[in-house]
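Below are the chains, spelled out letter by letter.
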Amino acid sequence: MSGLLAGTRILDLTNVLAGPFCCYQLAQLGADVIKVEMPGTGDLARQLGADPALNRARMGASFLAQNGGKRSITINLKSTKGRDVFGRLIAASDVVVENFRPGVMDRLGLGYAALREIKRDIIYCAISGFGQDGPLRFNPAYDQIIQGLSGVMSVTGDKRSAPFRVGFPVADTMGGITAAFAIAAALFRRERSGEGEFIDVSMLESTVVAMGWAVSNWLIAGVRPRPMGNENMTASPSGTLCTGDGPINIAANKQEQFETLCRLIGREDLITHPHFAGREDRKRHRFELNAEIEKALMAKSAAEWSLVLNKHGVPAGEVLDVPSVLEHPQIAERELIRTFEAPPGVDRAVRVVRSGFRLASGDPAPSTPPPRLGADNADILTELGYTPADIDALAREDAI
């Protein structure tokens with residue numbers, strides 16, 4: 001497939017996660033994503049990840065995970081000739097994405113107003129921790145900082161462990177997803193109106209928006225969210241329970257699901273018990289109910305109970321670790337993982353995940369492996385009209 005965004009060129013000036021994750025989603029949809037990096041160092045994520053050898057090679061696992069399907073060019077944006085190169089790139093592009101602190105691009109003479117003079121309909125997406133205005137706009141923002149400020153940590157864990165950090169960079173990821181969504185919408189509008197756009201993405205706001213009921217219960221019902229561990233505040237039994245060999249999640253949120261669960265585990269007596277008969281009764285006595293259900297669940301494994309319960313309409317699933325879910329037949333059949341055999345700069349096969357959806361016209365996936373730093377300098381500069389002699393001169397002057 002050519003991809004839904006084929007023919008769209010996106011300049012990725014971002015580092016580490018939120019911005020690279022955004023542009024990775026767009027690259028998988030067929031956009032020509034050019035990663036614009038600082039000569040010699042590049043994206044900080046090139047030095048991040050669990051494998052020190054990859055980090056030393058500037059192909060860290062954190063970089064490999066989010067940069068497939070992109071090309072890399074090195075440009076010194078502090079150099080006059082480097083900015084000239086960037087100006088030519090802007091003229092031939094549709095979108096620029098950056099995640100510098102507010103004001104950095106303006107000080108370089110490359111802010112939205114300046115780029116509009118080069119390309120009137122440019123779509124400019126600025127991703128930052130707090131947005132382009134407000135009292136915190138200049139504060140450095142890392143995922144854990146945003147998790148704390150957003151309220152996420154206050155509702156994660158239980159009353160003994162909270163506040164607790166979510167175990168993956170959820171704030172970075174939400175910022176990236178939000179940016180990709182906004183860019184796609186701006187591209188759609190531009191096709192109709194010919195107008196560009198300035199997009200101001202706040203990781204803090206993106207994360208707050210994603211918190212759903214934790215926010216709406218306070219805004220609308222006046223109920224302060226509290227950490228409930230693995231329990232679901234809206235229903236019971238709905239949470240993590242122990243089986244004969246490990247934990248299982250069960251979400252018997254409806255009355256008929258609760259009654260079916262009781263019959264399947266041989267505890268029909270719980271259906272009419274005064275503490276458990278009604279929805280609100282079960283919520284008030286959730287831990288007492290859990291203890292009774294767990295006695296019966298000890299008879300089988302989590303996998304066995306999952307099969308039985310789901311077959312009869314009671315939502316359930318084992319609690320897996322990351323290696324286990326990546327090896328699960330469901331993930332394998334839907335081909336979520338893409339493998340690149342020994343890409344340039346890496347001494348092994350690289351496996352990455354693609355987008356979390358499929359398309360009838362062809363699944364989104366990175367078309368090429370993550371690039372080495374500056375791997376595409378010559379090709380991209382040639383496309384922009386530079387001769388080999390010009391490129392040599394730019395390299396001698398440290399512009400690229």
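Overview of the structure. Owing to the predicted nature of the structure, the values given are computational and were not obtained by experimental measurement.

## A word on the state of the cysteines
Structurally, a disulfide amounts to a covalent bond that connects the sulfur atoms of two cysteines.
Here is step 1: By the definition in use, this model includes 0 disulfides.
Here is step 2: Counting only cysteine sulfurs, Cys242 is the nearest neighbor of Cys262, a cysteine outside any disulfide, at a range of 18 Å.

## Considering the pattern of salt bridges
Here is step 1: Under the counting rule described, the total for this entry stands at 24 salt bridges.
Here is step 2: Glu37 is the partner of Arg46 in a salt bridge, and the nearest nitrogen-oxygen pair spans 2.8 Å. A single burial state applies to Arg46 and to Glu37, both of which are buried.
Here is step 3: The partner of Asp51 in a salt bridge is Arg348, and the shortest N-O contact between them spans 2.6 Å. Here Asp51, found in the loop between β2 (32–37) and α2 (52–56), pairs with Arg348, found in the loop between β10 (337–340) and β11 (350–353); they are 297 residues apart in sequence, far enough to count as distant.
Here is step 4: On the accessibility criterion, Arg348 (32% relative accessible area) is partly exposed.

## Some words on a nonpolar patch on the surface
Here is step 1: A cluster of nonpolar side chains, namely Leu320, Val322, Val325, Leu326 and Val353, defines an oily patch on the protein surface of about 380 Å² accessible area.
Here is step 2: No other element matches the 3 residues that helix α16 (residues 322–326) contributes to the nonpolar patch.
Here is step 3: Tracing the chain through its elements places Leu326 in helix α16.

## Let's talk about the sheet that holds strand β5 (residues 123–128)
Here is step 1: Within the open sheet, the 6 strands sit side by side as β3-β2-β1-β4-β5-β6. Their pairing is parallel. With partners counted over all chains shown, the strands left at the sheet margins are β3 (70–74) and β6 (197–202), one partner each. Taking each pair of neighbouring strands and ignoring which way they run, the sheet shows an average axis angle of 20 degrees.
Here is step 2: Running over the sheet, helix α4 (residues 80–91) touches β1 (9–12), β2, β3 and β4 (95–98) and is turned about 145 degrees from β1.
Here is step 3: This element, helix α8 (residues 170–193), spans β4, β5 and β6 of the sheet and lies at about 165 degrees to β6.

## Some words on the sheet that holds strand β7 (residues 238–242)
By way of backbone hydrogen bonds, the strands of a sheet pair with one another, either parallel or antiparallel.
Here is step 1: Taking strand neighbours across the sheet as the criterion, the 3 strands line up as β7-β8-β9 in an open arrangement whose pairing is antiparallel. In this open sheet, the two edge strands, each paired with only one partner strand, are β7 and β9 (316–318). Each strand of the sheet is rotated relative to its neighbour by a mean of 25 degrees, with strand direction disregarded.
Here is step 2: Bridging between strand β8 (residues 247–251) and β9 involves 3 bridges; their strand directions are antiparallel. Bridging across to β9, Asn249 finds its partner in Gly317.
Here is step 3: Sheet contacts for helix α15 (residues 302–311): β8 and β9; angle to β9, the most-contacted strand, approximately 160 degrees.

## Points about the side chain of Arg354
Here is step 1: Assignment of secondary structure puts Arg354 in the loop between β11 and α18 (377–383).
Here is step 2: Despite its burial, Arg354 pairs with no opposite charge, the nearest such side chain being Asp363 at 4.2 Å.
Here is step 3: Here Phe357 takes part through its backbone oxygen, which lies 2.8 Å from a polar atom of the side chain of Arg354.
Here is step 4: Setting aside its immediate chain neighbours within four residues, Arg354 contacts Tyr24, Gln28, Arg334, Glu335, Leu336, Asp363, Pro364, Ala365 and Pro366.

## Focus on the pairing of β2
Here is step 1: Along β2, 5 of the 6 residues are buried, which leaves the element largely enclosed by surrounding structure.
Here is step 2: In this sheet, β2 lies alongside β1 in parallel orientation, the contact comprising 4 bridges. Its bridge partner lying in β2, Leu11 is registered against Ile34.
Here is step 3: Between β1 and its parallel partner β2, the chain crosses via helix α1 (residues 18–28), and the hand of that crossover is right-handed.
Here is step 4: Taken together, the 5 bridges between β2 and β3 define a ladder with parallel strand orientation.

## As for the pairing of β5
Here is step 1: With respect to burial, β5 is a largely interior element, 6 of its 6 residues being buried.
Here is step 2: Neither face of β5 is left uncovered, since the one carrying Ile123, Cys125 and Ile127 and the one carrying Tyr124, Ala126 and Ser128 both have all their residues buried.
Here is step 3: Here β4 runs beside β5; their pairing, made up of 4 bridges, is parallel. Opposite Val97, over in β5, you have Cys125 as the bridge partner.

## With respect to α8
Think of an α-helix as 3.6 residues a turn; residues three or four steps apart then line up on the same face.
Here is step 1: In a regular helix each residue adds 1.5 Å, so 24 residues correspond to 34 Å; α8 covers 34 Å between its end C-alpha atoms and thus fits that length.
Here is step 2: What α8 keeps buried is the set Val170, Ala171, Asp172, Thr173, Gly175, Gly176, Ala179, Ala180, Ile183, Ala186, Leu187 and Arg190.
Here is step 3: Those residues of α8 that are buried lie in contact with α1, β4, β5, α7 (143–150), β6 and α9 (203–210).
Here is step 4: Positioned one or two residues after α8, Gly194 has a phi angle of 80 degrees, which is positive.

The rules behind the values
Residues numbered from 1 in each chain as written. Predicted model: local features only at pLDDT ≥ 70, side-chain atom pairs only at ≥ 80, totals over all residues. Heavy atoms only, no water. Disulfide = S-S within 2.5 Å. Salt bridge = Lys/Arg side-chain N within 4 Å of Asp/Glu carboxyl O. Buried < 20%, exposed > 50% of the residue type's maximum accessible area, 1.4 Å probe, protein only. Helix = DSSP H or I, 4+ residues; strand = E, 2+ residues; numbered from the N terminus. Patch = residues over 30% accessible without salt bridge, like charges linked within 9 Å, V, L, I, M, F, W, Y side chains within 5 Å. Areas by Shrake-Rupley, 256 points an atom, 1.4 Å probe, with all protein chains shown as cover. Pairing = 2+ DSSP bridges. Axes fitted to C-alpha atoms, helices over the stretch in contact; angles between N-to-C directions. Contact = heavy atoms within 4.5 Å. Lys, Arg positive; Asp, Glu negative; His and termini not counted. Polar contact = N/O pair within 3.5 Å; in protein donor to acceptor, adjacent residues only side chain to side chain. Right-handed = clockwise from strand over helix to strand, strands pointing away. Expected span 1.5 Å × (residues − 1).

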